[in-house]
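Summary of the model geometry
The lines below spell out each chain.
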Amino acid sequence: MEEITIRNGDEFIKLGQAIKAAGFVESGVEAKIVIQDGLVKVNGEVETQRGKKLHDGDIVEFENKQVKVVNWFMIIKSLELADFRNYEHLEISFDKGTNILYGDNAQGKTNILEAIYVSATTKSHKGSKDKEIINFDKEEAHIRTYLEKDGVEQRVDMHLRKNKSKGIAIDGQKIKK
């Protein structure tokens, strides 16, 4: 059975959006018609409300095809930086809800966001090379991110070097390109 992933941070997806995302229909208009005509089932029951909120685990059926709604997201629990941009050493913990970084200009708020981005994608959102995000007088930097997915904590370690390729490990297991 195929799965539809709810967008990160969303608690639900509406039925009309779900059948369009699943490729069951081509447009929102077509979604409206097939739902109103009673051709779509949610968890085995005919559903005629296009705006019906679907949550993790709900199953949508249309023309003998099924798709399961999945709520997939990660929570960033904490971040540790060593010699990354202006940070010689930083340890910061995050709340499960909304987090606000505030402070004067040029104090490193964007550098924290960049470190999270680098940890998630292995590249800077600024297009910077690894040697440009390592503290000026250092040869290497480290990013350690603790994540939680489905109640399981994971650790992502990145070792950035000025003159070598980066090293990446998840829960201590090295990752190769």
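Our subject is the structure that appears above.
Bear in mind the structure is a predicted one, so any value in this text is a computation, not a measurement. (Residues numbered from 1 in each chain as written. Predicted model: local features only at pLDDT ≥ 70, side-chain atom pairs only at ≥ 80, totals over all residues. Heavy atoms only, no water.)

1. Topic: helix H2 (residues 28-36)
To keep it simple, the criterion reads: Any residue under 20% of the maximum accessible area for its type is buried, any over 50% is exposed, and the rest in between are partly exposed; the area is computed with a 1.4 Å probe on protein chains only. Only runs of H or I of at least four residues qualify as helices and only runs of E of at least two qualify as strands under DSSP, and these elements are numbered from the N terminus. What the arc covers is the set of directions going from the helix axis to the C-beta atoms. Every residue pair with non-hydrogen atoms within 4.5 Å of one another is taken to be in contact.
Inspection of H2 places Ala 31, Val 34 and Ile 35 among the buried residues, and these make up the whole buried set. The buried side chains of H2 occupy one side of the element, clustering within an arc of 100° when seen end-on. For H2, the exposed residues set more than 90 degrees away from the buried face come down to Val 29 and Gln 36. In this structure, the buried residues of H2 make contact with helix H1 (15-21), strand E3 (40-42) and strand E6 (59-62). The first or second residue beyond H2 is Gly 38, which carries a positive phi of 75°.

2. As for the sheet that holds strand E12 (residues 167-170)
Definition in use: Strands qualify as paired when DSSP identifies two bridges or more between them. Axis lines are fitted through C-alpha atoms, for helices just across the contact stretch, and the angle between N-to-C directions can take any value from 0 to 180 degrees.
Taken in spatial order, the 6 strands make up an open sheet running E9-E8-E10-E11-E12-E13, and their pairing is antiparallel. What marks the edges here is a single partner per strand, and that holds for strand E9 (87-93) and strand E13 (173-175). Taking the axes of each pair of neighbouring strands and ignoring which way they run, one obtains an average angle of 20° across the sheet.

3. Topic: the layout of surface pockets
Note the following rule: Here the term cavity refers to a set of points on a 1 Å grid, laid over the protein atoms alone, in which a 1.4 Å probe fits but cannot get out; the term pocket refers to an open set having protein on both sides within 12 Å along at least five of seven lines, with lining residues being those that place an atom within 4 Å of a point. Grid points are joined across faces, edges and corners, and a volume is the space filled by probe spheres set on the points. Side-chain classes follow a simple rule in which Ala, Val, Leu, Ile, Met, Phe, Trp, Tyr, Cys and Pro form the nonpolar group, Asp, Glu, Lys and Arg form the charged group, and the remainder, Gly included, forms the polar group.
There is about 290 Å³ of room inside the second largest pocket. In this structure, the second largest pocket is lined by 13 residues; those nearest its centre are Met 74, Ser 119, Ala 120, Leu 147 and Val 156. For the lining of the second largest pocket, the secondary-structure elements that each account for two or more residues are strand E8 (74-84), helix H3 (109-121), strand E10 (140-149) and E12. The leading source of residues in the lining of the second largest pocket is H3, at 3 residues. When grouped by side-chain class, the residues that make up the lining of the second largest pocket number 9 nonpolar, 4 polar and no charged.

4. Things to note about the environment of His 159
The test is simple: The definition of a polar contact used here is a pair of N or O atoms within 3.5 Å, where within protein one atom must be able to donate a hydrogen and the other to accept one, and adjacent residues in sequence count solely through side-chain atom pairs.
Here His 159 is to be found in strand E11 (residues 152-161). In this structure, His 159 is in contact with Glu 140, Ala 141, His 142, Lys 166 and Gly 167, ignoring residues within four places of it in sequence. Here the side chain of His 159 touches Glu 140 through a polar contact of 3.2 Å, side chain to side chain. At 3.3 Å, the side chain of His 159 forms a polar contact with the side chain of Arg 161.

5. Focus on the side chain of Thr 145
Turning to its location among the elements, Thr 145 is positioned in strand E10. Among the residues examined, Thr 145 registers a relative accessible area of 2% and is labelled buried. Beyond its immediate stretch of four places on either side in the chain, Thr 145 contacts Ile 76, Ser 78, Leu 79, Ser 119, Gln 154, Arg 155 and Val 156.

6. Concerning H3
Definition in use: Expected helix span is taken as 1.5 Å per residue step, with the number of steps being one fewer than the number of residues.
Taking 1.5 Å of rise per residue, the 13 residues of H3 would be expected to cover 18 Å, and the 19 Å separating its terminal C-alpha atoms lies within 8% of that figure. Of the positions making up H3, those classed as buried are Asn 111, Ile 112, Glu 114, Ala 115, Ile 116, Val 118 and Ser 119. Looking at the buried positions of H3, the neighbouring elements they touch are E8, E9, helix H4 (130-133), E10 and E11. The first or second residue beyond H3 is Thr 122, which carries a positive phi of 75°.

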